[in-house]
Amino acid sequence: MSCPPKSDDLVFFVNGRKVIERNADPEVTLLNFLRKNWTLLIKYACGRGGCGACTVMVSKHDPVSAKIRHFSITACLVPICSLYGAAVTTVEGIGSVNTRLHPVQERIARSHGTQCGFCTPGMVMSMYTLLRNHLQPSEEQLMEALGGNLCRCTGYRPILASGRTFCVESTGCQKKRTGKCCLDLGGNDSSSLNRESDICTDLFVEEEFQPLDPTQELIFPPELLRMAKNPEKQTLTFHGERVTWISPGTLKDLLKLKAKHPEAPLILGNTSLGPAMKSQGRVHPILLSPARISELSMVFKTSDGLTIGAGCSLAQVKDILAEQVSELPEEKTQTYRALLKHLKSLAGQQIRNMASLGGHVISRHCYSDLNPILVVGNATLNMISEEGTRQIPLNDHFLAGLASADLKPEEILESVYIPHSQKWEFVSAFRQAQCQQNALADVSAGMRVILEEATDTIKELSLSYGGVGEATIGAHKSCQQLIGRPWNEQMLEEACRLLLEEVSLPGWAPGGRVEFKRTLVVSFFFKFYLEVLQELKKLDSHHYPEISDRFLSALEDFPVTGPRGVQRYQSVDSHQSLQDPVGRPIMHLSGLKHATGEAIFCDDIPMVDRELFMVLVTSTKAHAKIISIDLSEALELPGVVDVIKAEDIPGTNGAEDDKLLAVDEVLCVGQIICAVVAETDVQAKRAIEKIKITYKDLEPIIFTINDAIKHNSFLCPEKKLEQGNIEEAFEKVDQIVEEVHVGGQEHFYMETQRVIVIPKAEDKELDIYVSTQDPAHVQKTVSSTLNIPINRITCHVKRVGGGFGGKVGRPAVFGAIAAVGAIKTGRPIRLVLDREDDMLITGGRHPLFGKYKVGFMNNGRIKALDIECFINGGCTLDDSEQVTEFLILKLENAYKIRNLRFRGRACMTNLPSNTAFRGFGFPQGTLITESCITAVAAKCGLLPEEIREKNMYKTVDKTIYKQAFSPETLIRCWNECLDKSSFHSRRMQVEEFNKKNYWKKKGIAIIPMKFSVGFAATSYHQAAALVHIYTDGSVLVTHGGNELGQGIHTKMLQVASRELKLPMSYMHVCETSTATVPNTIATAASIGSDVNGKAVQNACQILLKRLEPIIKKNPGGTWEDWIEAAFEQRISLSATGYFRGYKAYMDWEKGEGDPFPYYVYGAACSEVEIDCLTGAHKKIRTDIIMDACCSLNPAIDIGQVEGSFIQGMGLYTTEELKYSPEGVLYSRGPDEYKIPTITDVPEEFNGLGESGMFLGSSVFFAITDAVAAACKERDIVEDFIVKSPATPEQVRMACADRFTEMVRNYCLLS
Ligand SMILES: Cc1cc2nc3c(=O)[nH]c(=O)nc-3n(C[C@H](O)[C@H](O)[C@H](O)COP(=O)(O)OP(=O)(O)OC[C@H]3O[C@@H](n4cnc5c(N)ncnc54)[C@H](O)[C@@H]3O)c2cc1C
Ligand code: FES
Ligand code: FES
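This is a predicted model, so every value here is computed, not measured. The residue numbering used here restarts from 1 in each chain and proceeds along that chain's sequence as written. Note on labels: chains are lettered from A, ligands numbered from 1, in written order. In keeping with the model being predicted, local features are shown solely for residues with a pLDDT of at least 70 and side-chain atom pairs are shown and tallied solely at 80 or more, while totals for entire chains, interfaces and linings include all residues. Excluding hydrogens and water, the side-chain figures rest on all heavy atoms present in the structure.

**Quick notes on the sheet that holds strand β3 (residues 55–62)**
Taken together, the 5 strands give an open sheet; going across it, the order is β2-β1-β5-β3-β4, and neighbouring strands pair in mixed fashion. Each end of this open sheet is capped by a strand with a single partner; those strands are β2 (17–21) and β4 (67–74). Each neighbouring strand pair of the sheet contributes to a mean axis angle of 30 degrees, computed without reference to strand direction. The criterion for strand pairing is that DSSP finds at least two bridges linking the strands in question. For the purposes of this entry, the term helix denotes a DSSP run of H or I that reaches at least four residues, the term strand denotes a run of E that reaches at least two, and both are numbered from the N terminus. Only the stretch in contact is used when fitting a helix axis, every axis being a line fitted to C-alpha atoms; angles between N-to-C directions are given from 0 to 180 degrees.

The following block contains the structure:
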């Protein structure tokens, strides 16, 4: 093999230390470089710039302003070669638990802003970068800085609370941040607070935080400053194996290089090139980097416009435009304002910092937010090449890539000229995405009109749309035909008709949703029409017509505001010893380590000697016979060691109907067929592209529940519960029959599935480090796969970066396949799933289709309810039978209905197998019950809350499966929620608002919850713990629970501390290991802390009992004295604790049992506002009341409440899985699959106690309440078909109006 030519030295700094890379590979990203070469623990979670987990700060000298710029970036998209002359700061560079913590790190941990901690380093670095630029930021800046960072655990509120402590308006009183102190929370609230002297609202003490001292920060390296001031003009070249990076020092050299390599792309932010190269596997042999060319960052302001260098980042563009807007009169800045509006919501801060204006324009993404505005704003592109300069208009011809309007291959874009607007010219921008921030738009638009001076006659009109075709589309014909028309209703009507004909491609648009997109095309124009009218009114209030007050709300966008709220919890008894930590808001044990990046997750374990990397090969067919697998080319590639196939499995290949590795037949796209092992991850990934598998399609192919029902394709028998006489009851009542659809949900734990298997030299022993909720299951599966006894296998779980049920069953599959690889090769194996593979392979929450028939009286009393539901289980059984059982057992929720019938079945389809997910069927099933209540209310002309209250359990009673319980706490939670949320007065305010506003509607809903805890099987109700006391008095606690972020280790030490009467500082939990506590049950079903806490308590009590005689003898002695004496007296200082829990049983034949140890109760009230024209919604306020009984740790429990609420809110409002017609999952990353971001948290978020996902449905029902108000006003008689998630599309299309009507008519005619 020939040696690559010699590269230049790549010089940059990491955490104050100089890096000289002699052989920098352009394909290596900063993320991989830092993890592999520097063993820094920066986190990988998506690899596409969409989650912010890998955020670091980059500092560079800006040649134009001659200042140092600090900006956050996502390291997964940054090639190291782009860092020449830059200083990189990672979370490890700003503080450490061993030396000094940075205030950002300390505050996020002490404010309980970390749960699993996987997102925390990224959060810390986003906040840190903000503080490097603004010592006392505003809240708006804080929200903006964190907008690109996802967290799946916390619900964001505590993270923001920590950031707020740095903000200008920060105050010590958390309640003051609601805008009202505890004493002015409203009549009810203030009096109840005074009465409730045992209620606390403080979760941390701000006064104890160390101050932010900017003098302590790392300085920009003087060497880099010198380099920047005397820039190297010479071209730098970095040769990699496949790609050469050329970074010229002058514009002249760049143009020369571009002429020589016309096919080579320019690489700036790499936010467009990078993801495309990754997803399409495309390699550009030469990349030209203009990073050192200051001409591309120039900004020129002239009397008629603004010229912005193509190399300016979008964040810089935003600042430049904001400056222009503040300097120039409003009439001149119409286009700049429109661009600014979209620059606030385009991606997250990190992407805006990296992405360049030139890259954005040239990428010509069909979803672009800026190009439609630049087109209507008449922007011009300044091109430059060795031949000279020329200008081309930024128009749709250019954006469509027409050769006549395009840049030439040897040209580059130097700058973009955006002219000022003028008087009587109006420019607006619109966009609608799945959620408000950090989501690609479904439709974006730029609109501009010039009116004849002092008239309403159209002189010039341009309308440009993104998201409706393969490129940004202009509506030239429509605009042309409207010239000369007055700006009035008739013009509006005509414009909509013309637009529908011209803009919407018949039957097709990127991402589908054709009818919705068409509706947005005209709805946006209507908004523009009103906006212009309003501006005209401002210019001449007499001449132009009034806009009715009821219509004005169409104009307001929902502002991005940080959540406010109060978290109240029961304080400990005043007599409780100060040393006893139970019931106190103790910080998560790993909180500080999460914040410094020193918390070790599975893939952070350093490479072990001779380690190999494994990558899985999956099926591309939904149902097919495997004809052949050709591995020959893959095996010849450098570094490839082996390919693991089903034949290599020494023991059992999974279950007959659920194989670990496919044999002969595949049942879904994403099914694992074999696995490549290679020396590096890059080699393994390249090899899988060379494996050729031929298939023969098989029939039937089933994807949907409806198809499964048609084909009678089920995974297990029907589950049924019945009480009363349903048929007889239906004869005497009014009835409604409806259908409900609930979509599935991806776990989206931030840490993807990971495992390291290390074979030992002796006795076939294996050490397995795995991210799992159930290490014993991994151990057992590996044992049967390898055919070796369980006692040879030890599974270790230090911590898990989020599980939510997704790491109960699946990790065993990955552990077993990796173990086969380890045994076959005799070498350690590391398997880390990419986000795309994780989402493709692992399945998620079961989608549900339910039908209900409800019989009721006119007063709202429900007499009979018959629910039949089907869940989509995917291609194998997995947990689908248990999910069906749980679903049926929990369907009744909080209601006593005498005549009931619940039936459920799990459908078998050709999709990846769905599995356990927080709530285990409850969040899907109960949505049917609550939808049914809402429907009854609508039919009876009553409010849903009245129907809920009327039908709720009132006295001690029995459930449908005849388990006795008392609803007292349920009723208390309900009443308290009504009271604390001031529900009834707000219901009236909502109605008032709705009367006054036609285009915006508010909705409010309150939902009760009765949630059964635990598994419906006795063997699951047990736990063990092992507690050692060492001779220095320190205590090691181990137990069967796994730390998933839910703070179980913290709670266990709180228990041990109380029992041993010893401070927590004496204690430690090292890991969960199958070698210390065997035969554990999965940490799931909300009982982990209960059962393991009892086991820890038991072990501590045993030890204390043994110590009692010694303590009695020397009561004044210290703990250390007693331990020393115990050792001398040969008293065992180690004890196993055991908890033999609840005896659960369920007899499905009889339909009765005692399946659950207890219930938790709660209620949540949410209020939202919807935009009827776009389908967007704003969450105004949520109040959650949960009975947590005696919380072991209120800070942790409140965190769990908020986190699961937000996750539930995601399920019901934004998280939508999309498949191709061939059953390929499209939504395989954060860009396609939208989990809630920081801007999705309700503006006011008040909580108490511990909760479940299901309460997130209060947002869903508030949305349906608002939709119902819109429908009522519009006299729409059809019921709103309940479909979760209530996406903007669902909401917009349900709020039918003249525009949806136009679209329907258009569709009928075309
Ligand atoms: C997570 C994420 C979220 C996003 N969200 C949004 C969003 O909400 N809305 C939206 O509109 N966009 C969004 N984007 C897209 C983003 O705006 C573009 O990727 C970005 O603007 C491209 O700029 P870049 O500097 O990274 O381009 P690069 O990837 O570096 O380059 C892209 C292309 O432009 C060419 N090029 C670059 N500069 C020049 C030049 N001066 N002359 C000639 N050719 C040039 C290159 O040759 C290359 O082909 C998102 C992207 C990501 C990764
Ligand atoms: S891992 Fe880099 S943004 Fe997600
Ligand atoms: S703490 Fe944020 S993802 Fe777990």
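Moving on from the model shown.
**Things to note about the site of ligand 1**
The full set close to ligand 1 counts 31 residues, and Leu 268, Thr 271, Leu 273, Ser 356 and Leu 413 are the nearest of them. In the analysis that follows, any N or O atom pair within 3.5 Å is treated as a polar contact, provided that within protein one partner can donate a hydrogen and the other can accept it, and provided that, for residues neighboring in sequence, both atoms belong to side chains. The backbone of Leu 268 places a nitrogen or oxygen atom 2.8 Å from an oxygen atom of ligand 1. Contact distances for ligand 1 include 2.9 Å between an oxygen atom and a backbone N or O atom of Gly 269. Elements with a minimum of two residues in the shell around ligand 1: α14 (357–363) and β14 (412–419). Ranked by residues supplied to the shell around ligand 1, first place goes to α14 with 5 residues. Taken together, the residues that form the shell around ligand 1 break down as 16 nonpolar, 12 polar and 3 charged. Throughout this document, a residue counts as near a molecule or strand when at least one of its heavy atoms sits within 4 Å of that molecule or strand. Note that Gly is not counted as nonpolar here; it falls among the polar residues with everything else outside the nonpolar set of Ala, Val, Leu, Ile, Met, Phe, Trp, Tyr, Cys and Pro and the charged set of Asp, Glu, Lys and Arg.

**With respect to the UniProt feature "binding site: substrate" (unreviewed entry) in the protein chain**
UniProt positions are given in the numbering used here, feature names are shortened, and annotations may be inferred rather than shown by experiment. Mapped onto this numbering, the UniProt entry annotates "binding site: substrate" (unreviewed entry) at Phe 920. Mapped onto the elements of the fold, Phe 920 is located in the loop between β34 (899–907) and α30 (922–940). We classify Phe 920 as buried; its relative accessible area is 19%. We call a residue buried when its accessible area falls under 20% of the maximum for its residue type, exposed when it is over 50%, and partly exposed in between, using a 1.4 Å probe and counting protein chains only.

**Some words on the nonpolar core**
Within this scheme, the nonpolar core is defined by two criteria: the residues are buried Ala, Val, Leu, Ile, Met, Phe, Trp, Tyr or Cys, and they are joined through side-chain atoms within 4.5 Å. Counting residues in each nonpolar core, the largest one holds 232 residues, and the members touching the most others are Leu 463, Tyr 465, Trp 487, Phe 525 and Phe 528. Broken down by element, the residue count for this core peaks at 13 residues, all from helix α19 (residues 514–539). Here a residue-residue contact requires only that any non-hydrogen atoms of the pair lie within 4.5 Å. With residues up to four places along the chain from it excluded, the contact list for Leu 463 reads Val 376, Gly 446, Met 447, Ile 473, Gly 474, Ala 475, Cys 479, Leu 499, Phe 525 and Phe 528. Ranked by size, the runner-up nonpolar core spans 75 residues in total, among them Val 19, Leu 236, Val 361 and Ile 373.

**Quick notes on the packing of aromatic side chains**
The aromatic pairing rule takes the rings of Phe, Tyr and Trp, using the six-membered ring of Trp, and pairs them if the centres are within 6.5 Å, calling planes under 30 degrees apart stacked, those over 60 edge-to-face and the rest tilted. Using the criterion set out here, one finds 31 aromatic pairs in the structure. Where Phe 12 meets Phe 33, the ring centres are 5.6 Å apart and the plane angle is 55 degrees; that geometry is what we call tilted. You can see Phe 12 sitting in strand β1 (residues 10–14) and its partner Phe 33 sitting in helix α1 (residues 30–36), a full 21 residues away along the chain. In this structure, Phe 12 and Phe 33 share a single accessibility class: buried. On the basis of an interplanar angle of 25 degrees and a centroid distance of 4.4 Å, the ring pair of Phe 1015 and Tyr 1020 is categorised as stacked. Given a relative accessible area of 15%, Phe 1015 falls into the buried group. Taking the relative accessible area as the measure of exposure, Tyr 1020 reaches 31% and is therefore partly exposed. Feature note: the residues Trp 487, Phe 525, Phe 526, Phe 528, Tyr 529, Phe 551, Tyr 998, Trp 999 and Phe 1299 constitute an aromatic cluster, connected by ring pairs. Here, over-ring charges are defined by two tests on the NZ atom of lysine or the CZ atom of arginine: distance to the ring centre within 6 Å, and angle to the ring normal within 35 degrees. Over the face of the ring belonging to Phe 118 we find Lys 43, whose NZ or CZ atom lies 5.9 Å from the ring centre. For the cation-ring pair, Arg 948 lies above Phe 1261, with the distance from its terminal atom to the ring centre recorded as 5.5 Å.

**Focus: the side chain of Ser 345**
In this fold, Ser 345 is placed in helix α12 (residues 334–345). Given the relative accessible area of 13%, Ser 345 is considered buried. Discounting residues that sit within four places of it in the chain, Ser 345 has contacts with Arg 352, Arg 431, Gln 436, Gln 437 and Asn 438.

**Re the sheet that holds strand β15 (residues 425–433)**
Spatial strand order, β15-β16-β17-β18: 4 strands in an open sheet with antiparallel pairing. In this open sheet, the two strands that pair with only one neighbour each are β15 and β18 (473–474). As paired strands, β15 and strand β16 (residues 441–451) are joined by 9 bridges and run antiparallel to one another. Looking at β16, one finds that Arg 431 is bridged to Ser 444. Taken strand by strand, α12 contacts β15 and β16, and its axis lies near 15 degrees from that of β15. The strands that α19 touches are β15, β16 and β17 (458–466); relative to β15, the one it contacts most, it runs at about 145 degrees.

**A word on the confidence of the model for the protein chain**
Averaged over all residues, the pLDDT of the protein chain equals 93, while 96% of them reach at least 70. Confidence of the predictor at the level of single residues is captured by pLDDT, which takes values from 0 to 100. When the criterion is pLDDT under 50, residues 171–195 qualifies, and its contacts beyond four places in sequence or with other chains add up to 39 contacts.

**Looking at the pattern of salt bridges**
Just to be clear on terms, a salt bridge is a Lys or Arg side-chain nitrogen sitting within 4 Å of an Asp or Glu carboxyl oxygen. Summed over the entire model, instances satisfying the criterion amount to 80 salt bridges. Between Lys 1178 and Glu 1243 there is a salt bridge; the shortest N-O distance is 3.8 Å. Here Lys 1178 is found in strand β46 (residues 1177–1186), whereas its partner Glu 1243 is found in the loop between α37 (1194–1213) and β47 (1244–1248), with 65 residues between them in sequence. Residue Lys 1178 is classed as buried on the basis of its relative accessible area of 16%.

**Description of the pairing of strand β32 (residues 848–856)**
Counting buried positions along β32 gives 7 out of 9 residues, so the element sits mostly inside the fold. In this structure, strand β27 (residues 734–742) lies alongside β32, joined through 9 bridges in antiparallel fashion. Paired with Ile 736 across the two strands is Val 854, which belongs to β32. In the sheet, β32 pairs with strand β33 (residues 862–872) via 9 bridges, with the strands oriented antiparallel. The partner of Lys 853 across the bridge, within β33, is Asp 866. Connecting β32 to the antiparallel partner β33 that follows it, the hairpin turn spans 5 residues, and Gly 860 within it adopts a positive phi of roughly 95 degrees.

**Looking at unusual backbone geometry**
Omega for the peptide link from Glu 699 to Pro 700 comes to -10 degrees, which places this bond in the cis form. Here Pro 700 is to be found in the loop between β25 (692–697) and α24 (705–710). With an omega of 5 degrees, the peptide bond between Ser 1284 and Pro 1285 qualifies as cis. Within the fold, Pro 1285 resides in the loop between β48 (1282–1284) and α39 (1288–1294). One non-glycine residue, Asn 15, lies in positive phi territory at about 50 degrees. Inspection of the secondary structure assignment puts Asn 15 in the loop between β1 and β2. For Asn 15, a relative accessible area of 17% corresponds to the buried category. Positive phi is not limited to glycine here, since Asn 712 has a value of about 55 degrees. Mapped onto the secondary structure, Asn 712 falls in the loop between α24 and β26 (719–723). Under the relative-accessibility criterion, Asn 712 is labelled exposed at 57%.

**Thoughts on the environment of Ala 145**
On the secondary structure map, Ala 145 appears in helix α5 (residues 139–146). As for Ala 145 and Gln 349, which are separated by 204 residues in sequence, their C-alpha atoms are 5.7 Å apart. Look past the residues within four positions of Ala 145 in its chain and what remains in contact with it is Ser 126, Leu 130 and Gln 349.

**Here's the deal with the environment of Thr 235**
As for its placement among the helices and strands, Thr 235 is situated in the loop between α8 (222–229) and β7 (236–239). For the pair formed by Thr 235 and Lys 408, sequence separation is 173 residues and the distance between their alpha carbons is 23 Å. In contact with Thr 235, not counting residues within four places along its chain, are Asp 8, Ile 246, Ser 247, Pro 248, Gly 249, Asp 253, Leu 257 and Arg 292.

**Let's talk about a nonpolar patch on the surface**
Together, Val 64, Met 298 and Phe 300 make up an exposed nonpolar region whose accessible area comes to about 250 Å². Within the fold, Met 298 resides in the loop between β9 (286–288) and β10 (299–301). Any residue with relative accessible area above 30% and no salt bridge may belong to a patch, with like charges joined within 9 Å and the nonpolar Val, Leu, Ile, Met, Phe, Trp and Tyr side chains within 5 Å. Computed with the Shrake-Rupley method and a 1.4 Å probe, the accessible areas treat only the protein chains shown as cover for residues.

**Observations regarding the packing of helix α35 (residues 1088–1113) against helix α36 (residues 1119–1128)**
Where α35 meets α36, the axes come as close as 10 Å, and the angle between the chain directions of the two elements is 115 degrees. When the axis of α35 is compared with that of α36, the two are roughly perpendicular. Crossing of α35 over α36 shows right-handed handedness. Seen from α35, the contacting residues are Leu 1107, Ile 1110 and Ile 1111; seen from α36, they are Trp 1119, Trp 1122, Ile 1123, Ala 1125 and Ala 1126. What sets the label is the angle itself: under 35 degrees gives roughly parallel, over 145 gives roughly antiparallel, 65 to 115 gives roughly perpendicular, and the rest give oblique. Crossings are assigned a handedness: left-handed for a near helix turned anticlockwise from the far helix by less than a right angle, right-handed for a clockwise turn.

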